[in-house]
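# Topology and contacts: notes
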Amino acid sequence: MADNVGITPGSGAKAASREVTYSGETAQVQVVGLATFAGADDAKTVADVSSANPLPVTLSNLTTVAPTPDASGAVVRQAPLSTWAVSFAEVGSSLLSDKLTQRRLGTGMGVSQSSSNLVVTTGTTTNAEFLARSTESFRGAFIKRAKSILSQRIANNNFAVMMADLIGEGLSCTINSATSISVTKTAHGFTAENVGQFMMVGAINGAAGVPGRYAIASIPDANTINFTVSGWPASGSCTVDLFGWNYIWTQYTGATATQAGVDSQRRGWNSGNTTATINTSASPGHVMQTAVQGRNIAWSDTLVASATTPTMTTRASRIENIPDTDVDLYVYLWAWNGTTAPASTTTWTVGFVGIEDAVDTPIYLAGVRPLGSAAPLPVAQQGTATVSFTQPALVAGTAAIGDVGQQYRANATGAASGTHIVSAASTNATVVKASAGRVLGWHLANTTASWRYAKLHNQTTTPTAGSGVVRTIGIPPNGVADFALEGGIAFSTGIGLTIVTGSADADATAVAAGDVVGDLFFA
């Protein structure tokens, strides 16, 4: 039958349909076939849709959603890398950076930029502080680097490069006493369960408060936090910033240029500063690197000068009290004077601060998940590798490893030693070997008509005939004594020899010249 069938509306030819039930009703549904049309309107060609002639499809308004880092079911997880850096390239006084916001510049302090450095001068005013915070926050895994030069290290000067969370800024503070303050923060979210935890109080403006790390004393209400402080005025009011309930920092304090304090804090609890040895904070300064990955933090540093090979040296680490990966951490630059005035002003030169921010995603190679020495990562060496090692010395008496067969070398190495004997008119007391060894055998001839006896002694000093005899070799009249033992006879101290006429161990009668001749073999 031809494909095209004329249909007269109301009567005539039938159209293909199927009976279906839909929503409780029985109805006929027309069968429709898919075809493609090609060519001009007046010369269209029609072809059935098939695998050889697929139906053309246009995609639009599609949205691609990348899997989140914690989407464990994702076949591939993205691990984007972003960088953030402040290089202080401007020139002038009172300049910071559009990537940093200045929270406090205390009395007698100064801030400027020159020679691609941020320069902070501390002055000599007690409790004065400089505080700046990045406008961008970071979380999870990252590497922070900062270059610092301190013109001097003296008492009552403190400097810190921190990653810290922000609790509140410009908050009203009521000074209750020298040891108590109340800070107002609307809906702060802390409860009695947070009492005893610590955070930083800084950017103090309006009173001679002491910047530092203070404990939560009580939570009077949803908008007030009371802190236990030290060295504050007896009363008054001011504004403060609260930060560093969670933090990671490098702190420069004290008078030693080759030391820095490192520490981290999680939800108000830290481990206490660890004093790390660094290259030096004196000119030309050093670059401190803080690498945060998973539940590990590693501090390392290097000299500023360029080098042909990586020179970062690990200085300290933390595996506890590490901020959670979902906490937003800001970069803080903080300098503050002590409650006693510093003897003179210190210049803090910050060359740069940089962050490499990345998703903390483990990588598995060839189905192998390395688990330390128990399941190390397989590595194939390509090219030429030079390996140097020191051959350990074999200790006397150590056991042979494996099945060792008898072998002979084509040289004198490893062969037995021997001592040649022609008796003198004496007891012939001789040290054959002045250390531990083995007697492997002997060939001794007696030129007389009476027995002669060679006595062996286990010692390193000249033996005394008739004393300390451990072995006796009897040589028959006008005869020969021959003996060989592959393993030898052990002498733990040394090998000594005497020759006498009597068989008793205590005999000390000398032989005549030439009575005994031959050789004793040992190793």
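Preceding this paragraph is the structure being described.
Attention in this report is confined to the structure presented alongside it. Bear in mind the structure is a predicted one, so any value in this text is a computation, not a measurement. (Residues numbered from 1 in each chain as written. Predicted model: local features only at pLDDT ≥ 70, side-chain atom pairs only at ≥ 80, totals over all residues. Heavy atoms only, no water.)

## Remarks on the overall build of the protein chain
The cut-off we apply is this: Counting from the N terminus, the helices are the DSSP runs of H or I reaching at least four residues and the strands are the DSSP runs of E reaching at least two. In this description, contact between two residues means that some pair of their heavy atoms is separated by no more than 4.5 Å. Here the Shrake-Rupley method, with its probe set to 1.4 Å, supplies the accessible areas, and only the displayed protein chains count as covering residues.
When helices and strands are tallied, the protein chain shows 0 helices and 33 strands. Restricting the contact set of the protein chain to residue pairs at least 6 apart, pairs at least 24 apart contribute 70%. Accessible surface computed for the protein chain: about 29100 Å², of which carbon and sulfur atoms make up 53%.

## Some points on the side chain of Arg153
Rule in force here: Relative accessibility under 20% of the residue-type maximum defines a buried residue, over 50% an exposed one, and the middle range a partly exposed one, all with a 1.4 Å probe and only protein chains included. Residues scored as charged are limited to Lys and Arg (positive) and Asp and Glu (negative), so that His and the chain ends carry no count. We count a salt bridge whenever a side-chain nitrogen from Lys or Arg sits within 4 Å of a carboxyl oxygen from Asp or Glu. Polar contact is defined as a pair of N or O atoms within 3.5 Å, subject to the rule that within protein one atom must be able to donate a hydrogen and the other to accept it, and that residues adjacent in sequence are counted only when both atoms are side-chain atoms.
By secondary structure assignment, the location of Arg153 is in the loop between strand E11 (141–150) and strand E12 (157–177). One buried charged residue, Arg153, remains without a salt bridge, the closest side chain of opposite sign being Asp301 at 9.9 Å. Looking at Arg153, its side chain comes within polar contact range of the main-chain oxygen of Gly254, at 3.4 Å. Among the polar contacts made by the side chain of Arg153, one reaches the side chain of Ser281 at a distance of 2.8 Å. Leave out the neighbours within four places in its chain, and Arg153 touches Tyr252, Thr253, Gly254, Ala255, Thr256, Ala257, Gln259 and Ser281.

## Observations concerning the side chain of Lys147
Within the secondary structure, Lys147 sits in strand E11. Here Lys147 is buried and forms no salt bridge, its nearest opposite-charge partner Asp301 lying at an N-O distance of 13 Å.

## Focus: the packing of aromatic side chains
To describe a pair of aromatic rings, you give the distance between the ring centres and the angle between the ring planes. Operational definition: Think of it this way: a Phe, Tyr or Trp ring, Trp meaning its six-membered ring, pairs with another when their centres are within 6.5 Å, and the plane angle makes it stacked under 30 degrees, edge-to-face over 60, tilted otherwise. To sit over a ring, a charge needs its Lys NZ or Arg CZ within 6 Å of the ring centre and within 35 degrees of the ring normal.
By the definition in use, this model includes 11 aromatic pairs. With centroids separated by 5.6 Å and ring planes inclined at 70°, the aromatic side chains of Trp84 and Phe138 adopt a geometry described as edge-to-face. Here Trp84, found in strand E5 (residues 81–86), pairs with Phe138, found in strand E10 (residues 129–138); they are 54 residues apart in sequence, far enough to count as distant. Overall, the relative accessible area of 5% leaves Trp84 in the buried class. Each ring, one from Tyr214 and one from Trp232, has its centre 6.4 Å from the other, and the planes form 70°; the classification is edge-to-face. Of this pair, Tyr214 sits in strand E15 (residues 212–221) while Trp232 is found in the loop between strand E16 (224–228) and strand E17 (236–253), placing the two residues 18 residues apart along the sequence. Like Tyr214, the residue Trp232 is buried in the burial classification. Through a chain of ring-to-ring contacts, the aromatic side chains of Phe243, Tyr247, Trp249, Tyr332, Trp334 and Trp336 assemble into a single cluster. For Arg133, the ring lying beneath its charged end belongs to Tyr330, and the centroid distance is 5.0 Å. Lying across the ring of Phe198, Arg213 places its NZ or CZ 4.0 Å from the centre.

## As for the pattern of salt bridges
Per the stated rule, a full pass over the model turns up 9 salt bridges. The shortest N-O distance in the salt bridge between Arg315 and Asp301 comes to 2.6 Å. Highlighted residues: Arg315 in strand E23 (residues 313–318) and Asp301 in strand E22 (residues 296–303), separated in sequence by 14 residues. For Asp301, a relative accessible area of 0% corresponds to the buried category. Note that Asp515 and Arg452 form a salt bridge whose closest N and O atoms lie 3.0 Å from each other. Highlighted residues: Asp515 in the loop between strand E32 (495–500) and strand E33 (516–522) and Arg452 in strand E29 (residues 452–457), separated in sequence by 63 residues. In terms of burial, Asp515 and Arg452 fall into one category: buried. Through salt bridges with shared partners, a single network forms among Arg103, Arg133, Glu169 and Asp241.

## Brief notes about the environment of Thr253
Secondary-structure assignment places Thr253 in strand E17. Those residues within four positions of Thr253 in sequence are excluded, and the remaining contacts are Arg153, Asn157 and Asn158. A distance of 3.0 Å separates polar atoms of two side chains, one belonging to Thr253 and the other to Asn158.

## Quick look at unusual backbone geometry
The amide bond that connects Ser283 to the next residue, Pro284, takes the cis arrangement and shows omega of 10°. Take Pro284: it is sitting in the loop between strand E20 (274–277) and strand E21 (286–293). Residues other than glycine seldom take positive phi values, yet Ser115 does so here, at roughly 50°. Examined against the element boundaries, Ser115 turns out to sit in the loop between strand E8 (110–114) and strand E9 (117–121). Unusually for a residue other than glycine, Ala203 sits at a positive phi of about 50°. Within the element layout of this structure, Ala203 appears in strand E14 (residues 198–205). Classification of Ala203 by relative accessible area gives buried; the value is 4%.

## Concerning the state of the cysteines
Rules: In plain terms, two cysteine sulfur atoms within 2.5 Å form what is called a disulfide here.
Scanning all chains against the criterion turns up 0 disulfides. As a non-bridged cysteine, Cys173 has Cys238 as the owner of its nearest cysteine sulfur, 3.7 Å distant. Taking the relative accessible area as the measure of exposure, Cys173 reaches 2% and is therefore buried.

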